[in-house]
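Read off the chains here:
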Amino acid sequence: MSDLPTKFLSKEYLLCRDRVGAMIFLLVCLCYGYQTTLIPLFPGDEYEPFTARTLPTLLTIAGIGLSLVLLVTGQVDKDSGAISDFDWKLLIGFLVLMALYGVGLTYLGFVLATSFFLLAGFYLLGERRKAVLFGASFPFVIAFFLLLTEGLDIYLEPGLIFTLW
């Protein structure tokens, strides 16, 4: 261990933004990977090549692999070009927006809640052109909704406001 230069053992090198982010992402991926093992399978699915656990497991493996690559290749903050100032208002805005999206899914349904979420997210990021705001949110969500419901036959909750009528 004494052969290693002291640069690689310094706090600045080990706890740079890239590595801390990679460690957090690795922890999230490991928790997600554990949760994928809890997905119930239908009887006989254990013999199928593609089950409800297949894509989440592949996503877990990809996330773990990418976080390990970032852990190894992470650079010191002044070398990585990371921005030292952090926009806390934007972070809090997105956290509030995500909470509202979770509530909105129940009441508004997938299409409206996701469209409004994308619209507000683009607005928070600084996009002000109405053609881009509406063109990138509603048509994309409607196309994705049709792909899921009509193409893949996946049921998406319509929302409480549409089930009351």
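Every chain is numbered on its own, with residues counted from 1 as its sequence reads. Local features in a predicted model are, by the rule used here, given only for residues with pLDDT of at least 70; side-chain atom pairs are given and counted only at 80 or more, and totals for whole chains, interfaces and linings are based on all residues. Excluded from the side-chain calculation are hydrogens and water; included are all heavy atoms of the structure.

1. Topic: a nonpolar patch on the surface
- Two distance rules govern patches: like charges are joined within 9 Å, and nonpolar side chains (Val, Leu, Ile, Met, Phe, Trp, Tyr) within 5 Å, applied only to residues with over 30% relative accessible area and no salt bridge. A 1.4 Å probe and the Shrake-Rupley method give the accessible areas. Residues count as covered only by the protein chains that appear here. One side-chain nitrogen of Lys or Arg within 4 Å of one carboxyl oxygen of Asp or Glu is enough to make a salt bridge. Together, W88, L91, I92, L95, V96, M98 and L100 give the surface a local cluster of nonpolar side chains, amounting to about 700 Å² of exposed area.
- Within the secondary structure layout, L100 lies in helix α6 (residues 88–124). Each helix is a run of DSSP H or I of at least 4 residues and each strand a run of E of at least 2, with the numbering of both proceeding from the N terminus.

2. With respect to the side chain of S67
- With respect to the helices and strands, S67 occurs in helix α4 (residues 54–73).
- Any two residues whose heavy atoms approach within 4.5 Å at even a single point are treated as in contact. When neighbours within four sequence positions are excluded, S67 is seen to be in contact with A22, F25 and L26.

3. Brief notes about the nonpolar core
- By nonpolar core is meant a set of buried Ala, Val, Leu, Ile, Met, Phe, Trp, Tyr and Cys residues that side-chain atoms within 4.5 Å join together. Relative accessibility thresholds used throughout: buried, under 20% of the residue-type maximum; exposed, over 50%; partly exposed, between the two (1.4 Å probe, protein chains only). The biggest cluster of nonpolar side chains holds five residues, and these are F110, L118, V141, L148 and L156.
- The set of elements that each furnish at least two residues to this core consists of α6 and α7 (130–151).

4. So, the UniProt feature "transmembrane region" (unreviewed entry) in the chain
- UniProt positions are given in the numbering used here, feature names are shortened, and annotations may be inferred rather than shown by experiment. In the numbering used here, UniProt assigns the feature "transmembrane region" (unreviewed entry) to residues 20–42, 54–72, 92–125 and 132–156.
- This span, residues 92–125, is 97% helix and 0% strand, and a straight line between its end C-alpha atoms measures 13 Å.
- In residues 132–156, the share of helix is 80% and the share of strand is 0%. The end C-alpha atoms are 26 Å apart.

5. So, unusual backbone geometry
- Although it is not a glycine, D153 adopts a positive phi angle of roughly 55°.
- Mapped onto the elements of the fold, D153 is located in the loop between α7 and α8 (160–163).
- Accessibility expressed as a relative area gives 68% for D153, which makes it exposed.

6. Here's the deal with α4
- For a helix, the expected span equals 1.5 Å multiplied by the residue count minus one. Between its terminal C-alpha atoms α4 stretches 29 Å, which fits the 28 Å expected from 20 residues at 1.5 Å a residue.
- Along α4, the positions that sit buried rather than exposed are T54, P56, T60, G63 and S67.
- Check the buried side of α4 and you find it contacts α3 (17–36).

7. Describing the packing of α3 against α4
- Where α3 contacts α4, the two axes come as close as 8 Å, and the packing angle between them is 160°. By the angle class used here, α3 and α4 are roughly antiparallel. Crossing geometry of α3 relative to α4 is assigned as left-handed. Between α3, through D18, R19, A22, M23, F25, L26, C29, L30, Y32, G33 and T36, and α4, the contact on the second element is made entirely by P56, T57, L59, T60, G63, I64, S67, L68, L70, L71 and V72.
- Gly falls in the polar group here, along with every residue not listed as nonpolar (Ala, Val, Leu, Ile, Met, Phe, Trp, Tyr, Cys, Pro) or charged (Asp, Glu, Lys, Arg). Of the residues that constitute the contact of α3 with α4, the class distribution is 14 nonpolar, six polar and two charged. Only the contacting stretch of a helix is used when fitting its axis, a line to C-alpha atoms as for every element, and angles between N-to-C directions run 0 to 180 degrees. Any angle that falls under 35 degrees is termed roughly parallel, while one over 145 is termed roughly antiparallel, one within 65 to 115 roughly perpendicular, and all others oblique. Left-handed describes a crossing in which the near helix is turned anticlockwise from the far one by less than a right angle; the clockwise case is right-handed.

8. A short note on the environment of A62
- Examined against the element boundaries, A62 turns out to sit in helix α4.
- Residue class for A62 comes out partly exposed when judged on its relative accessible area of 41%.
- As for A62 and C29, which are separated by 33 residues in sequence, their C-alpha atoms are 9.0 Å apart.

9. Concerning the packing of aromatic side chains
- Aromatic contacts are taken between Phe, Tyr and Trp rings whose centres are within 6.5 Å, Trp giving its six-membered ring; a plane angle under 30 degrees counts as stacked, one over 60 as edge-to-face, and the others as tilted. Applying the stated criterion across every chain yields a total of six aromatic pairs.
- Plain terms: the ring middles of Y101 and F117 are 4.8 Å apart, the flat faces sit at 40° to each other, and that makes the pair tilted.
- Between F140 and F144, the aromatic rings sit 6.3 Å apart at their centres with planes inclined by 10°, giving stacked as the arrangement. One end of the pair, F140, and the other, F144, are both in helix α7, four residues apart, so they sit about a helical turn from each other.
- Among the aromatic residues, those joined into a cluster by ring pairs are F110, F140, F144 and F145.
- Directly above the ring of Y123 sits R128, whose terminal nitrogen or CZ lies 3.8 Å from the centroid. Geometrically, a lysine NZ or arginine CZ counts as sitting over a ring once it is within 6 Å of the ring centre and also within 35 degrees of the ring normal.

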